[in-house]
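Spelled out, the chains give:
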Amino acid sequence: MDTAEAKLPRTLGLWSSVALVVGITIGSGIFRSPAGIAQKVPHPGLMIALWVVGGIVTLCGALSLAEIAAALPETGGIYAYLREAWGRWAAFLFGWSELVLIRASALGGIAVVFGEYLLRSFGIDPSEHVLAARGLSAGAIAFAAAANIAGANIGAMIVGVATWAKFAALTLLVLAAFALGGAHGATTAHFTAAASGPLSGGAMGLALVSVLWAYDGWADLSFASGEVTDPQRNLPRAIIFGTLALIALYVLTNVAYLYVLPVATISRSPLVAADTMLALFGRSGVVLVSIFVMISSFSSLNGSMLASPRVFFAMADDGMLFTAIAKVHPRFKTPYVAILLAAVLGIALVMSRTFERLTDTFVLAIWPFYALGVAAIYRLRRDRPDLPRPYRAIGYPIVPAIFIASVAAFVVNSLVNDTMNSVLTFVVILAGLPVYYVAVDRKII
């Protein structure tokens, strides 16, 4: 059997890869999550601290995963790392979860925000036109699928152009807040105000889940690593540079929000960026930020569509999904069946679930697999010491351990404080085990 790497050409360079990391990550989270975080943690200092903690956890994961990505530059990313370190059953469980739960939830959550803000940019209230918003969201998924079937370079180009646009937009928001905020009621007293509600460790843990949704995307480049040029050099650099840029931008953006608006106001503002721009520029600022959020969400949707179907492609190529899913388009040289499958599942969920449920499910389902992928660094160093490692994880073995322990802590916290939804999520994931042993291990598919 030909390998996936022989079938998919390497066309993504360093800056396309960095743009992919940033483009996938900056989606709806930074514009939508602060309200929920402020509700759970109504203290300005702790709110900022959570964004820093989330960034540190993410960076620890990125620094660790970069070593494995450079050593095993294979299409499928974490799927391939789990297969090499823990065996086919672990890789299948991840792919199963991506197929039935994780990726469709992510595509749906991002697309919902796109549809809502597209309507809002035309002055239409999406809450009064739910079907129209969901229809636009489904259309966005379909368009992203078509663009990525046409070629990885086209998908990466869309992400790259929109990435720099939304990066510039957030930078403008930060600079405008500090330059103009003083004349519109902004004050540093917002940073030292007392908590506007009760605080608890459990609530902080649940708020961290929302922070991690905003940071998610740092690992998605690894899914398309079979198409990155000079992967031993470009993969770790792209992951690390992209993550550091995200930490700085997210923390500064939240500082800007808090400078202009008190934490109690943020907790009541699902569209905190719009309220910030309203205070600075009036109604024109609301329209402008709505357009930027729409662009940001679509870029993230397109980048996620570029990366994720490669998991299904790699699974089928390994004989763990139906072989038709591994088909490469004869003209465009892209895994078009896998892309179409991801799009269909995403459209189904976007028409049936809320943004909050989609995003909570996504984070709780995928981050334990991130931890298992990072844990592969210990297994592979022990069992495959001769594996080429052009990049070795900074801070090993402490940095990977910090990431794994952090993920374990927030999963336990979710099981304790959001028991029903957490249990249902893990039941769906673990249902993949009997599927593996019945269908895959016995060669039924």
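Use the structure listed above.
Residues numbered from 1 in each chain as written. Predicted model: local features only at pLDDT ≥ 70, side-chain atom pairs only at ≥ 80, totals over all residues. Heavy atoms only, no water.

Caption draft 1: Region of the structure containing the pattern of salt bridges. What the rule picks out here adds up to 10 salt bridges. Ionic pairing is found between Arg357 and Asp360, a salt bridge with its closest N-O pair at 4.0 Å. Remark: Asp360 and Arg357 occur in helix H17 (residues 355-383); sequence separation between them is 3 residues, near one turn of the helix. Arg357 gets classed as partly exposed once you look at its relative accessible area, which sits at 25%. With a relative accessible area of 29%, Asp360 lands in the partly exposed category. (Salt bridge = Lys/Arg side-chain N within 4 Å of Asp/Glu carboxyl O. Helix = DSSP H or I, 4+ residues; strand = E, 2+ residues; numbered from the N terminus. Buried < 20%, exposed > 50% of the residue type's maximum accessible area, 1.4 Å probe, protein only.)

Caption draft 2: Structural view of helix H6 (residues 88-121). The terminal C-alpha atoms of H6 lie 47 Å apart, and with 34 residues this matches the ideal 50 Å at 1.5 Å per residue to within 8%. Glu98 marks the point of greatest bend in H6, at about 60°. Of all 34 residues making up H6, 29 are buried, and the element is well covered by its neighbours. Positive phi shows up at Gly123, right after H6, with a value of about 80°. (Expected span 1.5 Å × (residues − 1). Bend = angle between axes of the 7 residues up to and from the residue.)

Caption draft 3: Quick look at the nonpolar core. By size, the foremost hydrophobic cluster in this structure holds 148 residues, and its most contacted members are Trp51, Leu301, Met305, Trp367, Phe403 and Phe410. Sort the elements by how many residues they give to this core and H6 lands first, with 19 residues. (Core = buried A, V, L, I, M, F, W, Y, C linked by side-chain atoms within 4.5 Å.)

Caption draft 4: Inspection of unusual backbone geometry at higher detail. The omega torsion across Tyr396 and Pro397 is 5°, close enough to zero to call that bond cis. Its place among the elements puts Pro397 in the loop between H17 and helix H18 (398-417).

Caption draft 5: Structural view of the environment of Leu20. One can find Leu20 in helix H2 (residues 14-25). Looking at Leu20, the relative accessible area reads 2%, which means it is buried. When the C-alpha atoms of Leu20 and Lys327 are compared, they prove to be 24 Å apart, with 307 residues separating the residues in sequence.

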